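Results of the structural survey
Next come the chains, spelled out residue by residue.
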Amino acid sequence: MKTLLSFASLLFLSTTAFAGPQKVMLQVHVESERGSKSSNDSKSPDESRARWLVVRVTNPSPLKMEGLTLKWTLYADDLKRGHDEVVVEKSGDENLSIEPSGRSTDVTTPKVVFEWTPQHSVRSGSGRRVSYKKVDETGHRYHGYAVQVLQNGVVIGEASSDLKLLNATR
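Residues numbered from 1 in each chain as written. Predicted model: local features only at pLDDT ≥ 70, side-chain atom pairs only at ≥ 80, totals over all residues. Heavy atoms only, no water.

Our focus in this paragraph is the overall build of the protein. Counting its regular elements, the protein contains two helices and 10 strands. Helices and strands appear in the protein in the N-to-C order α-β-β-β-β-β-β-β-β-β-β-α. By residue count, 27% of the 170 residues in the protein fall in the buried class. For the protein, contacts bridging at least 24 residues in sequence account for 62% of all contacts bridging at least 6. Here the protein displays about 11,400 Å² of accessible surface, and carbon together with sulfur accounts for 51% of that area. (Helix = DSSP H or I, 4+ residues; strand = E, 2+ residues; numbered from the N terminus. Buried < 20%, exposed > 50% of the residue type's maximum accessible area, 1.4 Å probe, protein only. Contact = heavy atoms within 4.5 Å. Areas by Shrake-Rupley, 256 points an atom, 1.4 Å probe, with all protein chains shown as cover.)

So, on to the nonpolar core. If you look at the biggest cluster of nonpolar residues, it comprises 24 residues, and the most contacted ones within it are Val57, Leu74, Val147 and Val149. Looking at this core, the elements with two or more residues in it are β2 (47–59), β3 (65–78), β4 (85–98), β6 (112–117), β9 (138–151) and β10 (154–160). The leading source of residues in this core is β3, at six residues. (Core = buried A, V, L, I, M, F, W, Y, C linked by side-chain atoms within 4.5 Å.)

In structure tokens form, the structure reads like this:
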């Protein structure tokens, strides 16, 4: 009987040790629109695209969650020659609260414009002496996102377009 009682208390302790904070469910949708080119030249290879996140945070618990912070980060590929690097383009945080029992709140982040020039050739000379000069790609092109929901400084939900980006935010 004594061993059964100690086994039951051990089981109860291990169950409470694994019980974590209340979790939230996240659904992230990346929106985009073509940005405005900096030049009016239609032959210009410059690219511009605005991106933003629409994040739906759902509260499955029976209690209202208040004082939550949504931290978001948009990442870009740095297209500088010789660099293969992912950089933070813009990040921010939004405060929110969620009603109980499966209700959700949608949070829309501000638009972030990514501008880059893809690799291309430029014609120089005319007539029989035409030559082409290769121009390397430059700028920042969208790479992905990472989103975390915090309650009192503790992460209670997170999502990312790539697991490596999620690990970079920790």
